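In case you want the letters, here they are:
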Protein chains: 2
Amino acid sequence: MDKKVTPYEVVGKVDYDRLIKEFGTSLISPELLKKIKVKDPLIGRGHFYGHRDLEKILSSKKFAIVSGRGPSEKMTLGHLAIFNFVKKMQDAYGCYVFIPFSDDEKFMIKQNLSFEEAQKYAYENAVDIASLGLNPKKTEFLFDTTTLNQDLYNLAIKCAKKMTFSMIKDSMGFSESTNIGSIFYPAMQAAHILYPTVKYKLPVLVLIAIDQDVMVRLARDVATKLGIEKPAALLSKFIPGLNGEDKMSSSNPQSALYMNDSAKEVETKIRNAFSGGRDTLEEHRRLGGNPDIDPIFQYLKLFLVQDDKEIEDIEIKFRTGKLSSGELKQIGIEKINTFLKGHNEMKRKVKDMIKKFIKS
Amino acid sequence: MDKKVTPYEVVGKVDYDRLIKEFGTSLISPELLKKIKVKDPLIGRGHFYGHRDLEKILSSKKFAIVSGRGPSEKMTLGHLAIFNFVKKMQDAYGCYVFIPFSDDEKFMIKQNLSFEEAQKYAYENAVDIASLGLNPKKTEFLFDTTTLNQDLYNLAIKCAKKMTFSMIKDSMGFSESTNIGSIFYPAMQAAHILYPTVKYKLPVLVLIAIDQDVMVRLARDVATKLGIEKPAALLSKFIPGLNGEDKMSSSNPQSALYMNDSAKEVETKIRNAFSGGRDTLEEHRRLGGNPDIDPIFQYLKLFLVQDDKEIEDIEIKFRTGKLSSGELKQIGIEKINTFLKGHNEMKRKVKDMIKKFIKS
């Protein structure tokens, strides 16, 4: 199968190093990593691994983070982990956070998604994110189909004037049979990214997965043409799917752990998940497992186990066969269910919190 | 030269009858003409000559007119005459009138037009239109870059989802090097057209020149796909240019009479204008002139002389050589300057009127 990475399609085994080069971005060096004030597995353990102008933005007095959400029916644990990292960045840097919900884009790109569904998903995703404890005084949620403001639309058309169809076609995976709303959307997303700079004079750091980097490239190109500061970016790998695929797919229940999965569902899904362990226990004890391809280990490593000693211990035991696949999965089940329980309690507690994040 | 008619380009001699067939519209029959309650040269003397579903809409209890304006630095006499006809339709049918000003489109399609200029032109054009006496209780001005509302944007993205690039490319004269804002705009224009139907449940009659009919076709196609009533249309020919070309070009001072031309400028322009008269007065007296190709005669016929007897008299005299080209031009100069004087007085008198037409 051909390798292909566009914002709408990830085909084949992902070669993260190749993408860094192909997209013209940089790897986060160990020196740069030390300068990041946030202690979080997502940055410390290599999930956020690429960047554009990160050093420059971290040395700015003030900056804003833009981290968008293409609404999905069910948010995954991976989605939420990213926004939890955004919250830690806000705490550490005191920065403003803008979260655009592209319900318009989802509606236009997905043939069978109704307008009302897209709006509903955006709102529900936002409720999950709102419960993470972001500072409402410094956080703004933008919903394209409910809170679109004139400034944002005007910025989008200014961006659109600078972007031709041929400029975006290949990198977005578009063709002439793409609808003209989806074709326009990269201008709206560029506007999302540049909005804090244009409206509040804040330089922007975009937190985004590497497959969406084209949006950053386009926004940077447009920024240059409009004579405004180019946005910086912190680029992540994908959260692996339960089925062992490189990218957790929120539309595939065999691949994704959802925020509203029950404890029972979590248990069943993890028991049935792909494993980096051996075919038999005997073999596993003898040869050891491979945590690098084990999705449950990756979830532990990326967002469930904060303590470095603890995750190292799990990794060594699994790699040397002391920890079986079943035992590893059991750790995963417990930690995920504890996390989900805590999250759902918080969600109930702050259920009107979302209002504080909607400014217009 | 090839013949070509798109919303952005009119090349060659226009064959109006061919366009009617090519675009799948109908000629206004003498029977249908009789049913139109408005007495105005623009309809009575064949300027509005084509239609879609006109009979149906005129038999509706209520309907809305949509007649947009792509803002230009200077509005021409021809532009204003159209809105004056809209006003007469409103008086006769009591209908709501929606006037979208596509400053976004003009900004995006014109390489060298700044955003602020496009906004300024829209506002200035609107001031001219506002002085015509439209009923403010039944008229709404929509400015894409200043009064865009969420309903309109949402309708635009619903339209956009139903329109692919290949559907619009040829009829709009677009290519892959067209910017993605201009590519999106047909969805916004479809939204302008369908807005009264979606928001106020009013069937729509679009008043538009034949070169813009593609916008009506696209809006009708989208309406069908969205399950709403298709808009009807009343289609006009072009106002001829002073230089004898088929279409007055508002960007060419040799072609256009502007609303803010001074009496002196009007006189000079008309004296220098193309004429349907003969090369010498002697020849003209002997062979007669051709009013059909004479722009000044056309202006008299289309909007300066209401009285049928009077225009017939002028036509016969010019055709038979009794009225010289100079004399015809003198009539034009006087009538145009009288009209402009009256218009400018009214503009001063009702200068804040525009506020009443902006609802959001």
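If you're wondering where the values come from, they're calculated on a predicted model, not measured in any experiment. (Residues numbered from 1 in each chain as written. Chains lettered and ligands numbered in written order. Predicted model: local features only at pLDDT ≥ 70, side-chain atom pairs only at ≥ 80, totals over all residues. Heavy atoms only, no water.)

**Details of the sheet that holds strand S8 (residues 204-209) of chain B**
Within a sheet, neighbouring strands are paired by backbone hydrogen bonds and run either parallel or antiparallel to one another. All names here are of chain B. Here we have 7 strands laid out as an open sheet, ordered S3-S4-S9-S8-S5-S6-S7, and mixed in their pairing. The open sheet is flanked by strand S3 (26-27) and strand S7 (139-143), the only strands paired with a single partner. Bridge analysis of S8 against strand S9 (residues 232-236) gives 5 bridges, and the strand direction is parallel. Bridging from a neighbouring strand, Leu 207 pairs with Leu 234 of S9. Packed on one face of the sheet, helix H11 (residues 213-226) meets strand S4 (48-52), S8 and S9 and runs near 15 degrees to S4. (Pairing = 2+ DSSP bridges. Helix = DSSP H or I, 4+ residues; strand = E, 2+ residues; numbered from the N terminus. Contact = heavy atoms within 4.5 Å. Axes fitted to C-alpha atoms, helices over the stretch in contact; angles between N-to-C directions.)

**Overview of the pairing of strand S6 (residues 96-101) of chain B**
Two faces, one strand: in a regular strand the side chains alternate between the faces of the sheet. Residue and element names in this part refer to chain B. With 5 of 6 residues buried, S6 is to be regarded as a mostly interior element. With 3 bridges connecting them, strand S5 (residues 64-66) and S6 associate as parallel partners. Bridged to Ala 64 within S6 is Tyr 96. Taken together, S5, helix H5 (residues 77-93) and S6 constitute a β-α-β crossover, and its handedness is right-handed. Relative to S7, S6 is paired through 5 bridges, and the arrangement is parallel. Paired with Ile 99 across the bridge in S7 is Phe 141. (Buried < 20%, exposed > 50% of the residue type's maximum accessible area, 1.4 Å probe, protein only. Right-handed = clockwise from strand over helix to strand, strands pointing away.)

**Examining the interface of chain A and chain B**
Listed as interface residues are 38 residues of chain A and, on the opposing side, 38 residues of chain B. Summed over both sides, the interface of chain A with chain B buries roughly 3100 Å², with 64% coming from carbon and sulfur. Contact with chain B buries surface across chain A, with Lys 161, Glu 176 and Ile 180 of chain A losing the most and accounting together for 26% of the total. Among the ionic pairs, Glu 176 of chain B bridges to Lys 169 of chain A, the shortest N-O distance being 3.5 Å. In this assembly, chain A and chain B are joined by 28 residue pairs in polar contact (both at pLDDT 80 or more). Residue composition of the side of chain A that touches chain B, grouped by class: 17 nonpolar, 13 polar and 8 charged. (Buried area = accessible area lost by both parts, 1.4 Å probe. Salt bridge = Lys/Arg side-chain N within 4 Å of Asp/Glu carboxyl O. Polar contact = N/O pair within 3.5 Å; in protein donor to acceptor, adjacent residues only side chain to side chain. Nonpolar A, V, L, I, M, F, W, Y, C, P; charged D, E, K, R; others polar.)

Purely geometric stuff here, so don't read any function into it on its own.
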